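# Report on the structure
Spelled out from the first residue to the last, the chains are:
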Amino acid sequence: MGITNTVQSSWWLLVFMVFLLFHSSHEFLESSQYEAIVKIKQLLNFPQDLSSWSDNTDFCNSEPNTALTLMCYEDNITQLHISGYNWFPNLPQGFSTDTLFSNLALLPNLKVLSLVSLGLRGTLPKNIGFLSSLEIVNISSNFFYGEIPEEISYLKGLQTLILDDNMFTGQVPEGVGSLPSLSVLSFKNNSFSGSLPNSLSSLQTLRILSLSGNKFSGVVPNLQNLSNLQVLDLESNNLGPNFPNLPTKLVSLVLRKNKFSLGVPKELSSCYQLKKLDISSNELVGPFSPTILSLPSLNYLDISGNKLTGNLLKNVTCSQDLSFVNLSSNYLTGELPSCLHPSSGSKIVFFSGNCLSNRERWQHPYSFCHNEALAVSIEPHNKEKVKGGNGKAVLASSTVGGFVGVIAIIGLAFVVFKREYAKKKANKTPQTILILEKVSPAHTLKLLNDARYISETRKLGLLGAPPYRTFVLDELREATSNFDISNLIGASSSGQIYKGRLTDGTVVAIRSIKMRKRHNVQSYTHQLGRISKIRYCHLVSTIGHCFECYQDDSSVSRICLVFEFVPNGTLRGVISDANSAQKFTWTQRMGAAIGIAKGIQFLHTGIVPGIFSNQLKITDVLLDQNLHVKISKYNLPLLIENKKMDSGSSSSGSKGNDGRRLKYEVKDDVYDFGVILLEIITGRTINTKNDIDVSKDILIVSLTADEIARRNIIDPAVRNECSDSSLRTLMELCIRCLSDESSERPSVEDLIWNLQFAAQVQDPWNRDTYGNQESPGQV
């Protein structure tokens, strides 16, 4: 009996050991899931830091990194986040998205799938419909093209669908509106066309609808019953003419750059949770309701570039949170409300191009807006009122109305013909969308679940820049008259810069770079992906690129980078140029310094890896149409690579050396900022090292002297505009920036804090000096 028990015990021990041996490599993860993950690794050519994956890897308990986050529940993979922001997959020959999604289909419990910035190219496979457990899908910043397969409607549990920054075309399938749990729908920066599906009206759970940067046209479906909708972004499409029917719980509404041409509904004044409203650059007519200004949560309002009418009154109330208002280029009359006057707070307000009585901004005469108001304010119901009047009056009105009607029809026909011609011409231009945003995969789930998925780029302040795309060479030749010398606006060792005008009227700057060595298009994809992410309100952003290739081997001979054009010259022109008719005030100078510092901060931390040693000069800081600063010259990754190719050099050294070099490069940019700040304070041109040393010594001496002595060494144009506290803060900061020891220079964060402090201590001085009047330089 004892022998029998011993044999049985040994048998069960043997079975248990075999069981452990069989499962040791998979750690109880099903074999099919394990093999799928290994196959996905091979398909995407994972980088070296993941080469430790082996047959003994426990995926469910492995540490997440910048490339991969994988989560499990009860030994089943439920979340897979793969990001190419810090590495760029060199996809093997014959890579197939069908194969990739076939392997993903072997993960039956997968709920979250994030494949961001991986260079995936091809159509979205129909077998995505097999991933029936999916709740969140984010495949943004890739090169998917073609139409969305109807099989997407099989994913009945889907809550979030993000396809941003790809090349999808065609119409959005009606089946998208049949997803009962959909909360976030974002198709930004693709080439979708046609009308929006009416089925969108059925998405009762939808909180975010973001379809900007496409080619959608026609009437927006009725969204009034979507009671959970908080964010609606339809920017840069061809939607219209009717203003959409909207729910009242919206937090952000962006309709800019469409073809909405009828009036703004009164119901918009009932959206009490609305924080951002941007309906600019449309063709909206009729009255603008000032009650919108008093919406309790509103902090951003832009109605510029329309034909809105109305009489503004001085005593109109505004939301306490309102920080940005743009009323420019409409037909508004009356007086700018007191709550929008610059002295009422730190609001940024634009109101030029109307007929307001305030003359400190350019305005039309009252008659201009009055005549235009008569032309656009006639409403259909007025006809009924006319019928009830005298018969002769009706006849006279009919005669005059008929004549005016004939003229209007002729004019309308001309406008329609002109638009159709421009549309056909614009449609000849192929568009390819590249990477725009940075969304960390480790935070994807959190971002998408709390209904606050708003573009990081927009939060940083980039407004109005067109989506990044690929141009064709003929477009740029046409824009520059075949790169005619008359359009040449700059040249350097890295190439020439031309001014150009695209077919849609957009003025751009085109930098032509001759490549030193022959490489194929794929070799530059990673660098262009990085360049496309450099988008910030205080940087001149790249909006696209174009390849010119050799005919014999299709390698790249030249790359043209297309930048936004900044029209108002350099910062030096309004600081120290003796021939300038306009000089920046002290308040404007502090604002410019803060903008430059924030631009440098974005270059260092806004993309990974950061961009350092930018050799920034005051002549590299340009002024846009609103006189806001934009840094035009920074160490573009593509130019660095081209210089390395030219010299045959390559980066080398230990991580420790790299760390020390990075520390010095950060402080190099701080030193360059100090030189700019020196010119801002003194108003004297700084060109040489001797200029820097002499001006710095003067600042040091003035800090130990009295206030009168300090004022005597600064720019006479602002001598009486600055408070001594503000001036001392900038002087002390400037001296620290120019320290010979890099370790003694402030950090960029320290720069921004001190500059903002200088602006804060200046404000009370402005109020004491100017009272309720507008102080110099405030906007």
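Everything quoted here is computed from the prediction, not taken from an experiment. Along each chain, numbering runs from 1 in the same order as the chain's sequence is written. Predicted model: local features are reported for residues with pLDDT of at least 70 only, side-chain atom pairs are reported and counted for 80 or more only, and whole-chain, interface and lining totals are derived from all residues. Side-chain calculation: all heavy atoms of the structure are included, whereas hydrogens and water are not.

## Let's talk about unusual backbone geometry
Stated precisely, the cut-off is as follows: Numbering of helices and strands starts at the N terminus; helices are DSSP runs of H or I of at least 4 residues and strands are runs of E of at least 2.
Look at the link from Gly240 to Pro241: it is a cis peptide, with omega at 0°. With respect to the helices, strands and loops of the structure, Pro241 is situated in the loop between strand S14 (238-239) and strand S15 (252-254). Phi at Ser236 takes a positive value of approximately 60°, unusual for a residue other than glycine. Relative to the elements of secondary structure, Ser236 occurs in the loop between strand S13 (231-233) and S14. Even without being a glycine, Ser613 presents a positive backbone phi close to 50°. Positionally, Ser613 belongs in the loop between helix H11 (586-605) and strand S30 (621-623).

## Here we look at the pairing of strand S12 (residues 215-218)
We count it as follows: Here, any two strands with at least 2 DSSP bridges between them count as paired.
Sheet topology places strand S10 (residues 191-194) next to S12; 2 bridges connect them, and they run parallel. Bridge pairing in S12 places Gly194 opposite Phe216.

## Re the packing of aromatic side chains
Here is the rule: In this analysis, rings of Phe, Tyr and Trp, with Trp reduced to its six-membered ring, are considered paired at centre separations within 6.5 Å, and the interplanar angle assigns stacked below 30 degrees, edge-to-face beyond 60, and tilted for intermediate values. Only protein chains enter the area calculation, which uses a 1.4 Å probe; residues under 20% of their type maximum are buried, those over 50% are exposed, and those in between are partly exposed.
Counting across every chain of the model gives 11 aromatic pairs. Relative to Phe192, the ring of Phe168 has its centre 5.9 Å away and its plane inclined at 10°; by these criteria the two rings are stacked. Of this pair, Phe168 sits in strand S8 (residues 167-170) while Phe192 sits in strand S10, placing them 24 residues apart in sequence. Owing to a relative accessible area of 0%, Phe168 belongs among the buried residues under this scheme. Ring plane angle 10° and centroid distance 4.6 Å describe the contact between Tyr300 and Phe324, whose orientation is recorded as stacked. Placement of Tyr300 in strand S18 (residues 300-302) and of Phe324 in strand S20 (residues 324-326) is noted, with a sequence separation of 24 residues between them.

## Side note on the sheet that holds strand S19 (residues 307-312)
Here 4 strands make up an open sheet; going across it, the order is S17-S19-S21-S23 and the pairing parallel. Pairing within the sheet leaves two strands with one partner each, and these edge strands are strand S17 (285-287) and strand S23 (355-356). Two strands pair when backbone bridges link them, and S17 and S19 are joined in this way by 3 bridges, in the parallel orientation. Note on S19: the bridge partner recorded for Pro287 is Thr309.

## Things to note about the sheet that holds strand S25 (residues 488-492)
Pairing is mixed across the open sheet formed by 6 strands, whose spatial order is S24-S28-S29-S27-S26-S25. Unpaired on one side and paired on the other, strand S24 (469-470) and S25 mark the two borders of the sheet. Alignment of strand S27 (residues 507-514) against strand S29 (residues 556-564), held across 7 bridges, turns out to be antiparallel. Each residue of the ladder has a partner; that of Arg511, found in S29, is Leu561.

## Some points on the state of the cysteines
Note the threshold: Any pair of cysteine sulfurs within 2.5 Å is marked as a disulfide.
The final tally for this structure, using the stated rule, is 2 disulfides. Covalent S-S linkage joins Cys318 and Cys339, the inter-sulfur distance amounting to 1.9 Å. Disulfide Cys318-Cys339: torsion about the S-S bond near 40°, hence right-handed. Remark: Cys339 occurs in the loop between strand S21 (331-334) and strand S22 (348-350) and Cys318 occurs in the loop between S19 and S20; sequence separation between them is 21 residues. An identical accessibility class is assigned to Cys318 and Cys339; each is buried. Covalently, Cys355 is tied to Cys369 through a disulfide, its sulfur atoms 2.0 Å apart. Here Cys355 and Cys369 share a disulfide; its torsion about the S-S bond, 85°, makes the bridge right-handed. Of this pair, Cys355 sits in strand S23 while Cys369 sits in helix H4 (residues 366-376), and the two are 14 residues apart along the sequence. The exposure class assigned to Cys355 is buried, which follows from its relative accessible area of 4%. Cysteine Cys546 is unpaired, with the sulfur of Cys560 as its nearest cysteine sulfur at 5.4 Å.

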